[in-house]
Structure formats: structure tokens, C-alpha cells
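If you want the building blocks of each chain, they are given just below.
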Amino acid sequence: MTREPYRDGRSSAVRRPASIKDVAAAAGVSPTTVSHVLSGNRPVNEETAARVRGVVNRLGYVPASLARSLQAGSTSVIGLLIPDISNTFFAELAKGAEDAAHDLGYGLILCNTEFDADREDRYLGMIRSRFIDGMVYASGSPPSLRRLEALMGKFPIALADEEVDGLEGALIATADHEAGGRLAGAHLRELGHRRALMLTGPRALRSSAARAAGFVRAFGGEVVERVGDFKEDSGRRLVAAVLAEGLLDCTAVFAANDLMAFGALTALREAGLTVPHDVSVVGFDDIPVASLVDPPLTTVHQPAYDVGRTATAQLLQYVSRGEVPPASRHTLPVELKVRGSTAPPAR
């Protein structure tokens, strides 16, 4: 991989690459200060740091360590794209990915898309223009297949927690979503529930569709479905709307993630209903706060940390050898955590 020779913008003459001394002189600071700004190892006044970063961008300065890596065809940096860092499930997944990368001597760039397809597309475009060795992709919205296919031609990709229809040859690490839905459905059926409200995520996501399919198959009773977006307010609004329409004669709610389950708990409480006496609620993910809400949430535990760590470790196993990862699947088991939000129906 080669870089364009440095030009200062004032002349068409080819110049030598900018050095750390050039950056320091242009920014009016010492080379040591430039080093501290770039490494983040020492605090630097924000105004000074901003000035240094501006000069770095203007001169196109590349640190010597990165330049050596580029000449060797490797940067020891990978990207991680997740949909919602405020959701502790994805925070745990990111921690697993970062730990695996650190253990193998790699750095990690984190991109948070906020479940926004346009924002995700911009991040994918940005990642494509950067020098990285691979990417771990945890989709939160229907992805741009064209963009991902283009990226796979540039560097290796591992899919974490989510498969992508039409993307061939990917390395996949995911929890068993369909089995998790079956565990939730079987639990409510065994308690005696025969009619349930199911709050799904976007059905274009395979994980959401698999959880819903597993639940319907195992529950065996009547299921009313409403589609949400995996956020807490989505669960609250969906349940409140069903209640306002007078449609909720269900004795149970299954939410495709814990945040929507929390929203369901709020809507039921605001309507004067008691969980689990009037309505049982089951979530999915088992994020840390699930055991602390009132009542503690019955939920499907999926190993977020292990999903992130497995996807990253498997990816870097091949990247470190300069090989393209073969298409493979690593499916991690899930388990049901029964807590206080479920009970036999009162009627």
C-alpha cells in the first residue's frame, strides 16, 4: 500500500513526508507535545491539542510507527461497528472484542450507529477509507449489502451477533437466537399462558426474526405481534397503544430484548396492572440491570462478552497470518433466567 507524496498546497513540487518536527514548528509547540497529543498518554491543554490536530491533518503527518506498519501492509488496528453503546449488551460485546484485540496486540476503532441506517452507511464509508486490518460488524439496522461486499474485498470481516442475508464467505459468531425464543415460549406455555403479546425488533434483522420464530413455535398459543426498534421507549409505546385500543387480553408479554421489556413494565404499571399477577413479562439479553428492576426480569441470557470476544479472536487468528478467514459459524448457547416477572396467569 502506498501513499501520495506530501505536498504543501502552495506548490506542485513533490516534498518529503511531514515529520513530527514539521508539525511542532507549524503548531508552535515542542515535538514532545505533539507526541503527547497523538498518543493520549499525557494531558494537553485542549486548545493546544486542537491546534496540533489541525496541523496534523493539514500536513498529512503519519506517525513513524504507522508508516512502518503501512509499508508492511498492516496497521494492527481493526474496526468495530455496533448499533447502541448505551445498551449494556453491546457495551459488553464491545468489551469482549476489545479484550481479544488487546490480547493479540491490536488496537480497536469503535463506531456507534444509534440504529440509524444512514449513520451506519457513513461509518462504513469512513472505515473503508482508513488503514485497518479487519472489521467486526454487529448490525443494528438492515445493512447496506453492497457496502459490506465492497469492504470484504478490502479487508476481512467478522459478523458478531447478527447475520447478513446475501453476504457470502463471512465469519460469524452469534448466540442461538432461535433457541432463546423457544426457551421463552416454552416457559410461558408451561406456566399456563395461552395468549401473548410479542414485541419484536426490526424483522429485517435475522436475530429478531429468529427469536420471534422460536417463541411462536414453542409457545403454541395465540400470539399478537407488534414491531419495535429494540429501545425502551419503543416497548412502552407499543404496550400503551395496545392497551389504549383495548386489545390487551394477553396474560404475557415477550419482548425481543430487555430494553423493550423494561418499557413494557413501565406501560403496564402506568395502566394500573401488576407484574406478574396480571401480566407476565419475559425479555431477551439478560443485561446486568435485568435482575435489579422491580420485579426482577425473567429473560434469556445471551453471552454478549463471549460473542464479541469470539468474533474478534477468530478474525485476528487469520489476519495475523495474512490469511482470508474462511466462511464459518460459531453459535454460542443461551439460557433462561427465571425471575420474578413471570408466574401462572391469574385468570
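Residues numbered from 1 in each chain as written. Predicted model: local features only at pLDDT ≥ 70, side-chain atom pairs only at ≥ 80, totals over all residues. Heavy atoms only, no water.

Quick look at the nonpolar core now. In terms of nonpolar packing, the biggest core is built from 53 residues, with Leu-197, Leu-199, Phe-262 and Val-281 touching the most fellow members. For this core, the element with the most residues is helix 11 (residues 258-270), which contributes 8 residues. With near-sequence residues (within four places) excluded, Leu-199 lies in contact with Arg-226, Gly-235, Leu-238, Val-239, Val-253, Phe-254, Ala-255, Ala-256, Met-260 and Ala-264. By size, the runner-up hydrophobic cluster in this structure holds 16 residues, among which are Ile-127, Tyr-137, Ala-170 and Ile-172. (Core = buried A, V, L, I, M, F, W, Y, C linked by side-chain atoms within 4.5 Å. Buried < 20%, exposed > 50% of the residue type's maximum accessible area, 1.4 Å probe, protein only. Helix = DSSP H or I, 4+ residues; strand = E, 2+ residues; numbered from the N terminus. Contact = heavy atoms within 4.5 Å.)

All right, on to the sheet that holds strand 11 (residues 328-332) then. With respect to topology, 6 strands assemble into an open sheet ordered 2-1-3-4-5-11, the strand pairing being parallel. Two strands bound the open sheet, and with one partner strand each, they are strand 2 (107-112) and strand 11. Across the sheet, the mean angle from the axis of one strand to that of its neighbour is 15°, orientation sign disregarded. Of the strand pairs in this sheet, strand 5 (residues 171-175) and strand 11 are connected by 5 bridges, and their pairing is parallel. Counterpart to Ile-172 in the pairing with strand 11 is Arg-329. Contacts from helix 5 (residues 88-103) reach strand 1 (77-82), strand 2 and strand 4 (157-160) within the one sheet, and its direction differs from that of strand 1 by about 170°. Each of strand 1, strand 3 (134-137), strand 4, strand 5 and strand 11 is contacted by helix 12 (residues 304-319), which is oriented at about 165° to strand 5, the strand it contacts most. (Pairing = 2+ DSSP bridges. Axes fitted to C-alpha atoms, helices over the stretch in contact; angles between N-to-C directions.)

Now for the pattern of salt bridges. In this structure the tally under the stated criterion is 15 salt bridges. Ionic pairing is found between Glu-222 and Arg-195, a salt bridge with its closest N-O pair at 2.3 Å. Of this pair, Glu-222 sits in strand 7 (residues 222-227) while Arg-195 sits in strand 6 (residues 195-200), and the two are 27 residues apart along the sequence. Arg-203 is paired through a salt bridge with Glu-225; the nearest N and O atoms lie 2.6 Å apart. Taken together, the residues span a long stretch of sequence, with Arg-203 in the loop between strand 6 and helix 9 (206-219) and Glu-225 in strand 7 at a distance of 22 residues. Overall, Arg-203 belongs to the partly exposed group, its relative accessible area being 38%. A relative accessible area of 30% places Glu-225 in the partly exposed class. (Salt bridge = Lys/Arg side-chain N within 4 Å of Asp/Glu carboxyl O.)

Taken across its 6 residues, strand 6 has 6 buried, putting it largely inside the fold. The sheet contact formed by strand 6 and strand 7 spans 6 bridges and is parallel. Residue pairing in the sheet places Ala-196 in a bridge with Val-223 of strand 7. In this fold, the crossover linking strand 6 to strand 7 by way of helix 9 has right-handed handedness. Here strand 6 runs beside strand 8 (residues 252-255); their pairing, made up of 4 bridges, is parallel. (Right-handed = clockwise from strand over helix to strand, strands pointing away.)

For the rest of this paragraph, the subject is the side chain of Thr-174. Relative to the helices and strands, Thr-174 is located in strand 5. Thr-174 gets classed as buried once you look at its relative accessible area, which sits at 3%. A polar contact of 3.1 Å, which involves the side chain of Thr-174, links it to the side chain of His-177. Apart from residues no more than four positions distant in its own chain, Thr-174 is found in contact with Asp-161, Glu-162, Val-307, Arg-329, His-330, Thr-331 and Leu-332. (Polar contact = N/O pair within 3.5 Å; in protein donor to acceptor, adjacent residues only side chain to side chain.)

Across the sheet, which stays open at both edges, the 6 strands sit in the order 7-6-8-9-10-12 with mixed pairing between neighbours. A strand with exactly one partner marks an edge of an open sheet, and here the two such strands are strand 7 and strand 12 (335-337). Between one strand axis and the next, the sheet turns through 20° on average, direction left out of account. Along the sheet, helix 8 (residues 177-191) contacts strand 8, strand 9 (280-285), strand 10 (298-301) and strand 12; its crossing angle with strand 9, the most-contacted strand, is approximately 165°. Across the sheet, helix 10 (residues 232-244) is in contact with strand 6 and strand 7; its angle to strand 6 comes to roughly 145°.

Packing of helix 10 against helix 11 leaves a shortest axis separation of 6 Å and a crossing angle of 40°. Judged by the inter-axis angle, helix 10 sits oblique to helix 11. In terms of crossing hand, the pair formed by helix 10 and helix 11 is right-handed. For the pair helix 10 and helix 11, contact is made by Glu-232, Ser-234, Gly-235, Arg-236, Val-239, Ala-240 and Leu-243 and by Leu-259, Met-260, Phe-262, Gly-263, Ala-264, Thr-266, Ala-267, Leu-268 and Glu-270, respectively. Its residues assigned to classes, the contact of helix 10 with helix 11 shows 9 nonpolar, 4 polar and 3 charged. (Parallel < 35°, antiparallel > 145°, perpendicular 65-115°, else oblique. Left-handed = near helix turned anticlockwise from the far one by under 90°. Nonpolar A, V, L, I, M, F, W, Y, C, P; charged D, E, K, R; others polar.)

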